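Chain by chain, the residues:
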Amino acid sequence: KKTDGDVPVKKEEPVDAPEDAVDERDEDVVYTIGDRITFDDQYALTIVSVKETEERNEFSEKEVEQVLLIEYLYENLRSEDEIYISDMEFKLVDEGGNMMDTYPVDSGFSPVYTPMGAKTLASFAVGTTEKSSKIEVHYYDNFFSSQSDCVFSLPVGSEAEVNLSGALPEYENTYSVGETIEITTEDGVYTVTIDSVEKTTERNEYEAKKPEAVYKIAYSYANVSMEEPVYISEYSFTLIDEQGNTGYVYPNFSDEYPSETIKGAKSNAVMFFGTH
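Residues numbered from 1 in each chain as written. Predicted model: local features only at pLDDT ≥ 70, side-chain atom pairs only at ≥ 80, totals over all residues. Heavy atoms only, no water.

1. Describing the packing of aromatic side chains
The relation between two aromatic rings is expressed through the spacing of the ring centres and the mutual angle of the planes.
Turning to step 1, where the next piece is worked out: Taken as a whole and assessed by the stated rule, the structure comprises 13 aromatic pairs.
Turning to step 2, where the next piece is worked out: With a centroid separation of 6.0 Å and an interplanar angle of 50°, the aromatic rings of Y31 and F152 are classed as tilted. Residue Y31 is found in strand β2 (residues 30-31), and its partner F152 is found in strand β10 (residues 150-155); the two are separated by 121 residues along the sequence.
Turning to step 3, where the next piece is worked out: Relative to Y43, the ring of F39 has its centre 4.8 Å away and its plane inclined at 10°; by these criteria the two rings are stacked.
Turning to step 4, where the next piece is worked out: Judged by relative accessible area, which is 2%, F39 ranks as buried.
Turning to step 5, where the next piece is worked out: Residue classification places Y43 among the buried residues on the basis of a relative accessible area of 6%.
Turning to step 6, where the next piece is worked out: The rings of F39, Y43, Y72, Y74, F90, F124 and Y139 are connected pair by pair, giving a single aromatic cluster. (Phe/Tyr/Trp six-rings, centres within 6.5 Å; stacked < 30°, edge-to-face > 60°. Helix = DSSP H or I, 4+ residues; strand = E, 2+ residues; numbered from the N terminus. Buried < 20%, exposed > 50% of the residue type's maximum accessible area, 1.4 Å probe, protein only.)

2. Thoughts on a nonpolar patch on the surface
Turning to step 1, where the next piece is worked out: On the surface, a cluster of nonpolar side chains totalling about 370 Å² of accessible area is made up of M88, F143 and F144.
Turning to step 2, where the next piece is worked out: In this fold, M88 is placed in the loop between β5 (66-76) and β6 (90-93). (Patch = residues over 30% accessible without salt bridge, like charges linked within 9 Å, V, L, I, M, F, W, Y side chains within 5 Å. Areas by Shrake-Rupley, 256 points an atom, 1.4 Å probe, with all protein chains shown as cover. Salt bridge = Lys/Arg side-chain N within 4 Å of Asp/Glu carboxyl O.)

3. What about the pairing of strand β9 (residues 134-139)?
Consecutive side chains along a regular strand alternate between the two faces of the sheet.
Turning to step 1, where the next piece is worked out: Sheet topology places β6 next to β9; four bridges connect them, and they run antiparallel. Bridging across to β9, F90 finds its partner in Y139.
Turning to step 2, where the next piece is worked out: Relative to β10, β9 is paired through six bridges, and the arrangement is antiparallel. Within β10, the position partnered with Y139 by the bridge is C150. (Pairing = 2+ DSSP bridges.)

Rendered as structure tokens:
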């Protein structure tokens, strides 16, 4: 039985950082591509690459000189709370001193909530006002803070090797295929079951991402006593691969979609995840 908000208890073995890691951020140091900075031994952040793209959004009214793709890796080392780092935690300045804003093109991988022991590769796109060979990036551990926690000077076109090797984290209260989890909330009870998991060779020809593997996961859920309908989609889950990387929702076709499920009813659905 699993109560609402009671995430699986994580084993708290120490997570060893690579030898080239920066143990803690230094306010006087400006970091660059590939520098791995840890924050209170709870999580680590590395900016992996800054690349220019010729892609433009024909519906955007933003006038930009360049569109840059920023790729970064964050790792949950010991935090009980899931780590989530998006473009909202960054402020960027182009080479002419102009603030940069996000730009609406497909940038690659979206951030996901990352539990202890896992890591996430994510990216976002920004536009420059002036042509820039390097940009300045400020990272804020606290979104509401007026003072950044570290600063990066990033050459445009630079890229570091991404280390996606690792191990699958171990969690207590772990369930298997076919086992039903009962979740009790203040508003009632519902259940969730992973019914099957299979690797599929099916690919979406219109999808830019090229996953190493795609998994088709069938699941079901039942509204036992919730007055409000229960709706559980693929965005209610985080997939972690054998190397400890979070996966991402992959747009394969299925005619088994989740539905809002009223009290006393149940639903079956299928979701697809890609992995690195």
